[in-house]
Every structure is written in C-alpha cells, then in structure tokens.
Amino acid sequence: MNRFLSFLVQFVVTVPSAVTVWFLSYFAFDFTFLISSAISLAGAVVVSKITSGIMTSKFLKKHQLTRKEYRYIKKNLDEAKQKINKLNKSLFSIRDLPTIKQRIDVLRITKKIQSMTHTEPKRFYKAEKFYFSHLDSVVELTEKYSFLSQQPKKSHEIDVSLYETRQTLTDLTMALEEDLYHVVSDDLDSLNFEIDVAKHSIKKLNNTKTIDESRRLK
C-alpha cells in the first residue's frame, strides 16, 4: 500500500472532521476550550483509524488477500528492505571497475522485485525463492567481496577467494533474473494472449477486406 497516498487521504479526511467536532463541541454544546480540544483530538484518532481500516480493506479486497496474509507479506517485505539497504551499501563500497555492470544489474533487479511486490503484494508468492534464499545469498557474498576487496595487501588466497566470489555472484545474478522473470510470468502470459487476440482480429479484418474487394471487382 502506498504510504504517502494513505497518509494524504487520512489527512484530508481527519483534519476537517477534527475541526468540525471542535466547533460543535465549543459553540453548539458550550464545552470549554480544553474539553473541546480533547474531544476533537479523540474524534480525529477515531476517524483516522476508521479511514485507515476502510483503505486497508479495499486494498486487500483488490489484491485478494486476507489480513493475515498481508501481515505475513509485509513483515517479509520490511525485512527485505533492510537487506537491500545493506546490499546497496556493500555494492557501492566496492571499487572494482570490472564488476560495476554486474553490481548495477544486481541492485536494479532486487529493487525491481521489491518494488513490484510492494505495489502488488500477491506477487510475493511468485518471489519466495528471492526473498527466502537468493537475496540472503547475494547480500552475504557482496559483503564478503567488499571486505576482501578493501584489504590493503592481497595475498594469493584473497585473490582466489575474490575470483570465486565473482563467479558465484555471476551465477546468483542469473538466478535473480530468473526470479524477476517468474514474478512477471503472469503478465507475459497475459500479454502474449492479447497479442494473439489482436493478430486474430487483424487477420479476420484483412480477410473481410479481401472478400469485399473481390465482390466489388465482380
């Protein structure tokens, strides 16, 4: 759920309601300023919670999720956000130019999956390998590579370890690409179906035009 949009809607609904309650309490019911303010604040809290509840219900209904499922997904997304922040920090601490494209790709893919799952939480079930395996692995390997690459004196063992880590990161990058493909697989199937329908419609239209032209020539 978009936090900014949620906050904006709650603000737009809550503030006028709180002001209205204060004016009614102070002028219509002749309460003191402090009591009117307290009633207004309590009203604002109630309205905010009701608004938040309604928005959450609509969001869950739209994405066909239960509250329990959404809490579970949100918990994992929040944890993943922290891991991606760590990954971002590690990737940009590496000064190895040959791996810069790979590092950009890793960050781009991880952020893309996270963003899509945040927008459409049900996609989480398509990205479970990413969240429960591949993300942890890429964070761990990147931190290891960052640590080794920053050593002032590199031994043969460090060079070998760096090489092996790069190779493993290459394999993991391919795994992340597969994760992203799996997340969008339903969209691709839908797009291919729409393309087939469009092609069929165009073919049918062309056939109709050909038949009409043949009739006119006769």
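This text follows the structure it describes.
None of the values given here were measured: they were computed from a predicted structure.

The rules behind these values
Residues numbered from 1 in each chain as written. Predicted model: local features only at pLDDT ≥ 70, side-chain atom pairs only at ≥ 80, totals over all residues. Heavy atoms only, no water. Helix = DSSP H or I, 4+ residues; strand = E, 2+ residues; numbered from the N terminus. Contact = heavy atoms within 4.5 Å. Core = buried A, V, L, I, M, F, W, Y, C linked by side-chain atoms within 4.5 Å. Buried < 20%, exposed > 50% of the residue type's maximum accessible area, 1.4 Å probe, protein only. Patch = residues over 30% accessible without salt bridge, like charges linked within 9 Å, V, L, I, M, F, W, Y side chains within 5 Å. Areas by Shrake-Rupley, 256 points an atom, 1.4 Å probe, with all protein chains shown as cover. Salt bridge = Lys/Arg side-chain N within 4 Å of Asp/Glu carboxyl O.

J.: Please explain unusual backbone geometry as it appears in this structure.
T.: As a rule of thumb, non-glycine residues mostly have phi less than zero, and peptide bonds are mostly trans rather than cis. Even without a glycine there, the phi angle at Asp 30 is positive, about 60 degrees. Considering the arrangement of structural elements, one finds Asp 30 in the loop between helix H1 (3-28) and helix H2 (33-63). Even without glycine at this site, Gln 64 takes up a positive phi of about 55 degrees. Along the chain, Gln 64 falls in the loop between H2 and helix H3 (67-93).

J.: Would you explain the side chain of His 134 in this entry?
T.: Inspection of the secondary structure puts His 134 in helix H5 (residues 128-149). In this structure, His 134 is in contact with Lys 129, Leu 172, Ala 175, Leu 176 and Asp 179, ignoring residues within four places of it in sequence.

J.: What am I meant to see in the nonpolar core here?
T.: As a rule of thumb, nonpolar side chains are buried together in soluble globular proteins. Among the nonpolar cores identified, the biggest contains 29 residues, and Ile 113, Phe 130, Tyr 131, Leu 135 and Val 138 are the most heavily contacted of them. Counting only elements with at least two residues in this core, the list comes to H2, H3, helix H4 (100-119), H5 and helix H6 (156-183). No other element matches H3, which puts seven residues into this core. One finds Ile 94, Leu 148, Ile 158 and Leu 162 within the second-largest nonpolar core, a separate group that totals five residues.

J.: I would appreciate a short explanation of the environment of Ile 158 in the present structure.
T.: Turning to its location among the elements, Ile 158 is positioned in helix H6. For Ile 158, a relative accessible area of 16% translates into the label buried. Between the C-alpha atoms of Ile 158 and Tyr 145, which are 13 residues apart in sequence, the distance is 9.8 Å. Filtering out sequence-adjacent residues up to four positions away, Ile 158 remains in contact with Leu 148, Gln 151 and Lys 153.

J.: I'm lost on a nonpolar patch on the surface in this one. Help?
T.: Together, Phe 4, Leu 5, Phe 7, Leu 8, Val 9, Phe 11, Val 12, Val 13, Val 15, Val 19, Phe 23 and Phe 27 give the surface a local cluster of nonpolar side chains, amounting to about 1100 Å² of exposed area. With respect to the secondary-structure elements, Phe 4 resides in helix H1. Of the residues examined, Phe 4 reaches a relative accessible area of 60% and is grouped as exposed.

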